[in-house]
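Each chain is listed here by its residues.
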Amino acid sequence: MGSAPSLADCDYVRGGAQQTAVKILVVGHFAVGKTTFIGSISEIEPLSTEETMTRAAESVDDLKGVQGKTTTTVAMDFGRLTISERVVLYLFGTPGQQRFVQMWEDMARGALGALILVDPERLADSFPVIDLIEHYGLDYAIAVNHFDGASARDERALREALDLLDDTPVVTCDARDEGSSAAALTTLVRHLLDRAH
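Bear in mind that the values here come from a model prediction, so they are computed numbers and not experimental data.

Rules behind the numbers
- Residues numbered from 1 in each chain as written.
- Predicted model: local features only at pLDDT ≥ 70, side-chain atom pairs only at ≥ 80, totals over all residues.
- Heavy atoms only, no water.
- Helix = DSSP H or I, 4+ residues; strand = E, 2+ residues; numbered from the N terminus.
- Buried < 20%, exposed > 50% of the residue type's maximum accessible area, 1.4 Å probe, protein only.
- Contact = heavy atoms within 4.5 Å.
- Areas by Shrake-Rupley, 256 points an atom, 1.4 Å probe, with all protein chains shown as cover.
- Core = buried A, V, L, I, M, F, W, Y, C linked by side-chain atoms within 4.5 Å.
- Salt bridge = Lys/Arg side-chain N within 4 Å of Asp/Glu carboxyl O.
- Phe/Tyr/Trp six-rings, centres within 6.5 Å; stacked < 30°, edge-to-face > 60°.
- Lys NZ or Arg CZ within 6 Å of the ring centre and 35° of its normal.

Visitor: Help me understand the overall build of the chain, please; the structure alone is not making it clear to me.
Guide: When you go through the chain residue by residue, the secondary structure sums to 6 helices and 8 strands. Ordered by position from the N terminus, the helices and strands of the chain form the series β-β-α-β-α-β-β-α-β-α-β-α-β-α. Out of the 197 residues belonging to the chain, those deemed buried represent 47%. Look at the contacts in the chain between residues 6 or more apart in sequence, and 73% of them connect residues 24 or more apart. Working note: accessible area of the chain is about 10300 Å², and carbon and sulfur atoms make up 49% of it.

What follows is the structure, given as structure tokens:
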């Protein structure tokens, strides 16, 4: 996999004004809140490929620790967020099931970085996701999605459990809340800018 593009590589012209298009992946394991996250923050009606889960999927998708999930992403989610006159984020949400991992490589092409959503109650499910993002050579930040009834986790313990580098950002967010989702994305963008300099 080639190296990720820089911000300068992403320039394009729209409406006579030069803007920088930045492709960001929103990734995470099954049922961690990726579709909800993109839906909460996209300035356009997000493209979603949610389908109703069938009985056949019950034998394939592990629903342990997941309550009330009746749909799942089968291709991708897509949203857009303008963060300044010059920078527009294009958000690509990946399906979380192992059987869709082949799609991730195509989606990773041209991405500048990734926001990895994590459920603190299912940390082990995040290991393959982090491994894939590192394999693709993408810089990333961790967004610990807050679920109702979940107890707060110590950041140091999370870092140790996920075996993160010291400079990998870790933020807590609520994927249902626009402001919280925006703060998580801002953390990732700042990290990418720091890494570019």
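Having seen the model, we can carry on.
Visitor: Help me understand the nonpolar core, please; the structure alone is not making it clear to me.
Guide: Across soluble globular proteins, nonpolar side chains show a tendency to be buried alongside one another. Membership of the largest hydrophobic core comes to 28 residues, with the highest contact counts inside it found for Leu25, Val27, Ile116, Ile133, Tyr140 and Ile142. Those elements that provide at least two residues to this core are β2 (17-28), β5 (87-93), α3 (101-108), β6 (113-118), α4 (127-135), β7 (139-145) and α5 (155-162). If you tally residues by element for this core, the top one is α4, at 4 residues. With residues up to four places along the chain from it excluded, the contact list for Leu25 reads Phe92, Met107, Ala108, Ala111, Gly113, Ala114, Leu115, Ile133 and Leu138. Counting residues in hydrophobic clusters, the runner-up holds 23 residues, among them Val26, Leu81, Ala175 and Leu188.

Visitor: Honestly, the pattern of salt bridges in this entry has me stumped. Any pointers?
Guide: Opposite charge on two side chains permits them to pair, given that their charged atoms come into close proximity. Under the criterion given, the structure shown has 9 salt bridges. In this structure, Arg122 and Asp119 form a salt bridge, with 3.0 Å as the shortest nitrogen-oxygen distance. The exposure classification of Arg122 matches that of Asp119, with both residues buried. Ionic pairing is found between Arg176 and Asp174, a salt bridge with its closest N-O pair at 2.9 Å.

Visitor: Help me out: how do you make sense of the environment of His191 in this one?
Guide: For His191, the location among the structural elements is in helix α6 (residues 178-196). For His191, a relative accessible area of 9% corresponds to the buried category. Distance from His191 to Pro169, taken between C-alpha atoms, is 7.3 Å for residues 22 residues apart in sequence. When near neighbours in sequence (up to four residues on either side) are disregarded, His191 contacts Asp139, Tyr140, Asp167 and Pro169.

Visitor: Looking at this model, I keep getting lost on the packing of aromatic side chains. Mind explaining?
Guide: In this description, a pair of aromatic rings is defined by centroid distance and the angle of the planes. The final tally for this structure, using the stated rule, is 2 aromatic pairs. An angle of 20° between the planes, with centres 6.0 Å apart, marks the rings of Phe78 and Tyr90 as stacked. Of this pair, Phe78 sits in strand β4 (residues 71-82) while Tyr90 sits in strand β5, and the two are 12 residues apart along the sequence. Of the two residues, Phe78 and Tyr90, neither departs from the other in class, the shared state being buried. Considering the side-chain rings of Phe78 and Phe92, the 5.0 Å spacing of their centres and the 65° angle between planes classify their relative orientation as edge-to-face. Taken together, the residues span a long stretch of sequence, with Phe78 in strand β4 and Phe92 in strand β5 at a distance of 14 residues. Exposure remark for Phe78: the relative accessible area of 18% places this residue in the buried category. Through a chain of ring-to-ring contacts, the aromatic side chains of Phe78, Tyr90 and Phe92 assemble into a single cluster. Its guanidinium or amino end placed over the ring of Phe92, Lys23 lies 4.9 Å from that ring's centre, counting from NZ or CZ.

Visitor: Sorry if this is basic, but what is going on with the side chain of Ser181 here?
Guide: For Ser181, the location among the structural elements is in helix α6. Excluding anything up to four places from it in sequence, Ser181 contacts Phe37, Ser40, Ile41, Asp174 and Ala175.

Visitor: In this structure, what is going on with the environment of Pro95? I would like to understand it.
Guide: Relative to the helices and strands, Pro95 resides in the loop between β5 and α3. The spatial distance from the C-alpha of Pro95 to the C-alpha of Gly28 is 8.1 Å, given a sequence separation of 67 residues.

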